[in-house]
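# Structural characterization, general
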Amino acid sequence: MPKAFESFDFSHYDLVIASSSCCAKGVITPPTVPFIAYIHSPMRYAWDLYFDYYAKSKKITRFFMKKQMPKIREWDFISSQRIDFVVANSFYISRRIKKFWGRDSQVIYPPVNTAVFKKSNNAPKNFYLAFSRFVPYKRIDLAISACGELKRPLVVIGGGSQEKQLKTLASKYQNITFTGRISDEALGNYLNSCKALLFCAEEDFGIIPVEVQAAGRPVIAFKKGGAKETVVERKTGIFFEEQTVESLKKAILKFEDLDKNGVFSPNTIALHAQKFSTERFKTEFSALVKNAIQMTGGGKLSLTKFKIRRTNFYRRAI
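Residues numbered from 1 in each chain as written. Predicted model: local features only at pLDDT ≥ 70, side-chain atom pairs only at ≥ 80, totals over all residues. Heavy atoms only, no water.

### A few points about empty space enclosed by the protein
Selection rule: Grid spacing is 1 Å over the protein atoms alone, the probe is 1.4 Å, and a cavity is where that probe fits but cannot get out, while a pocket is an open set with protein on both sides within 12 Å along at least five of seven lines and lining residues have an atom within 4 Å of a point. Grid points are joined across faces, edges and corners, and a volume is the space filled by probe spheres set on the points. Note on residue classes: Ala, Val, Leu, Ile, Met, Phe, Trp, Tyr, Cys and Pro are nonpolar, Asp, Glu, Lys and Arg are charged, and everything else, Gly too, is polar.
In total, this model carries two cavities of 30 Å³ or more according to the counting rule given. Volume-wise, the second largest cavity comes out at about 40 Å³. Lining the second largest cavity, in full, are Phe131, Ser132, Lys138, Ile140, Leu198, Phe199, Cys200 and Ala201. Among the residues making up the lining of the second largest cavity, the classes are represented as six nonpolar, one polar and one charged.

What follows is the structure, encoded as structure tokens:
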């Protein structure tokens, strides 16, 4: 992938913006062309998650990881120095960028379509919700086991490689429901009717907790990653300290005590979610682009018309 991205010719472009969690930020641009990279994370498998990936890999993969990863890290660092304006999607990722690339970055939170999900004060709140792709690091298993042991109803929305494993785990309990992938309209109904979202992953930012808060519902989140920037303790939700069933169970019981006492206001929660709206993102990112153009002398570029280059390879890569 590094070779592929470096093969793109941007010599006739006025502005280049990369959205990158791997190699897209490694494109080569002329000195006169402002290059903005919106970073979702430096390469996870090359840096802080290297040992996790290594432990889960087979013998032959481990052999090539040991052999090639130092070269990949070297390329990742060198290519990061080509970026004119580094933008992080959270302060959590800004710290990673500083740690591994030695670069300062501006934080602009991703756009969340908060207008789609509206709060409803009349909907009954009778179940907990888990909503994500079914992959290991999302830790949906924690939500299933915690609700199963506490005998609390849980609705699980989504699909993915772990679906069979998670349904097998849930079969031990009588109170777990899977919906599969659903429409935004159906999702909105579930968001309005849930007691709270159980968010068990360590995410770079995490859009789902913001969508739930836009519907006026609180979040019970693992206290690490982007959730610490989107969830306000005892105002829009609460945190649990460890990715264990016991830690989550304690948080659920604590949440229920606080909820009985009216700690969580749907209006306050929904208002907080607007800090991450699409309109806010447009305003902040447009200001960044204008500043980038002025600083690199590209004053003739119009912000109302962009020529966008996409490739099938790029879509597969991300």
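### Focus on the layout of surface pockets
What the second largest pocket holds in volume is close to 180 Å³. Forming the boundary of the second largest pocket are Phe131, Ser132, Arg133, Ile157, Gly158, Gly159, Arg181, Ile182, Leu187 and Ile208. Split by residue class, the lining of the second largest pocket holds five nonpolar, three polar and two charged.

### Points about the nonpolar core
Applied cut-off: Residues belong to a common nonpolar core when they are buried Ala, Val, Leu, Ile, Met, Phe, Trp, Tyr or Cys residues joined through side-chain atoms within 4.5 Å. A 1.4 Å probe rolled over the protein chains alone gives each residue an accessible area, and that area as a share of the maximum for its type sets the label: buried under 20%, exposed over 50%, partly exposed in between. The secondary structure listing takes helices from DSSP runs of H or I that are at least 4 residues long and strands from runs of E that are at least 2 residues long, numbered from the N terminus. The contact definition used throughout considers only heavy atoms, calling two residues in contact when any of these lie within 4.5 Å.
One finds Leu129 and Leu197 to be the most contacted residues of the largest nonpolar core, which totals 57 residues. It is helix α4 (residues 91-101) that contributes the most residues to this core, five residues altogether. Those residues within four positions of Leu129 in sequence are excluded, and the remaining contacts are Leu154, Val155, Ile157, Tyr190, Leu191, Cys194, Ala196, Leu197 and Leu198. Ile140, Tyr173, Cys200 and Ile252 belong to the second-largest nonpolar core, a separate cluster that totals 30 residues.

### Observations concerning a nonpolar patch on the surface
Quick reminder of the rule: Here the term patch refers to residues with relative accessible area over 30% and no salt bridge, with like charges joined within 9 Å and nonpolar side chains (Val, Leu, Ile, Met, Phe, Trp, Tyr) within 5 Å. In these tables, accessible area is a Shrake-Rupley quantity obtained with a 1.4 Å probe, and a residue counts as shielded only by the protein chains included in the view. Salt bridge, as used here: a side-chain nitrogen of Lys or Arg that lies within 4 Å of a carboxyl oxygen of Asp or Glu.
Where nonpolar side chains cluster on the molecular surface, the patch consists of Ile60, Phe63 and Phe64 and spans about 340 Å² of accessible area. Position of Phe63 among the secondary structure elements: in helix α3 (residues 59-80).

### Considering unusual backbone geometry
Even without being glycine, Arg139 reaches a positive phi, approximately 55 degrees. Looking at where Arg139 falls in the secondary structure, it is placed in the loop between β5 (127-131) and α5 (140-150). Residue Arg139 is classed as partly exposed on the basis of its relative accessible area of 22%. A positive phi angle, near 60 degrees, is found at Lys151, a position not held by glycine. Turning to its location among the elements, Lys151 is positioned in the loop between α5 and β6 (154-157).

### Concerning the side chain of Glu203
Along the chain, Glu203 falls in the loop between β8 (194-199) and α8 (207-214). Discounting chain neighbours no more than four positions away, the residues touching Glu203 are Tyr92, Tyr137, Lys138, Gly225 and Gly226.

### Considerations on the pairing of strand β1 (residues 16-20)
What counts, and what does not: Should DSSP find at least two bridges between two strands, the strands are taken to pair.
Burial of the side chains of β1 is restricted to one face: Val16, Ala18 and Ser20 are buried, whereas none of Ile17 and Ser19 on the reverse face is. Two elements, β1 and strand β2 (residues 35-39), share five bridges in a ladder whose sense is parallel. Paired with Val16 across the two strands is Phe35, which belongs to β2.

### Observations regarding the sheet that holds strand β4 (residues 106-107)
Basically, it comes down to this: As a rule, the C-alpha atoms of each element are fitted with a line to give its axis, helices using only the stretch in contact, and angles between N-to-C directions run from 0 to 180 degrees.
Taking strand neighbours across the sheet as the criterion, the four strands line up as β1-β2-β3-β4 in an open arrangement whose pairing is parallel. In the strand order of this sheet, the two ends are held by β1 and β4, each with one partner. Where α4 meets the sheet, its contacts fall on β2, β3 (85-88) and β4, and the angle it forms with β3 comes to roughly 135 degrees.

### Thoughts on the sheet that holds strand β10 (residues 237-240)
One open sheet holds the six strands; their spatial order is β7-β6-β5-β8-β9-β10, and the pairing between them is parallel. In the strand order of this sheet, the two ends are held by β7 (176-180) and β10, each with one partner. Neighbour to neighbour, the strand axes of the sheet diverge by 25 degrees on average, direction disregarded. Strand direction decides the pairing type here: strand β9 (residues 219-222) and β10, joined by four bridges, are parallel. Residue pairing across strands places Val219 opposite Gly237, the latter belonging to β10. Relative to the sheet, α5 contacts β5, β6, β7 and β8, its axis offset from that of β6 by approximately 165 degrees.

### Some remarks on the packing of α5 against helix α6 (residues 163-170)
The condition that has to hold: Here the angle decides the label: under 35 degrees means roughly parallel, over 145 means roughly antiparallel, 65 to 115 means roughly perpendicular, and every other value means oblique.
The interhelical angle for the contact between α5 and α6, taken along N-to-C directions, is 10 degrees, at an axis separation of 10 Å. Of the possible angle classes, the one that applies to α5 and α6 is roughly parallel. Contacts between α5 and α6 involve Ile140, Asp141, Ile144 and Ser145 from the former and Leu166, Leu169 and Ala170 from the latter. Tallied by class, the residues present in the contact of α5 with α6 amount to five nonpolar, one polar and one charged.

So far we have only geometry, and geometry alone does not tell us how the molecule works.
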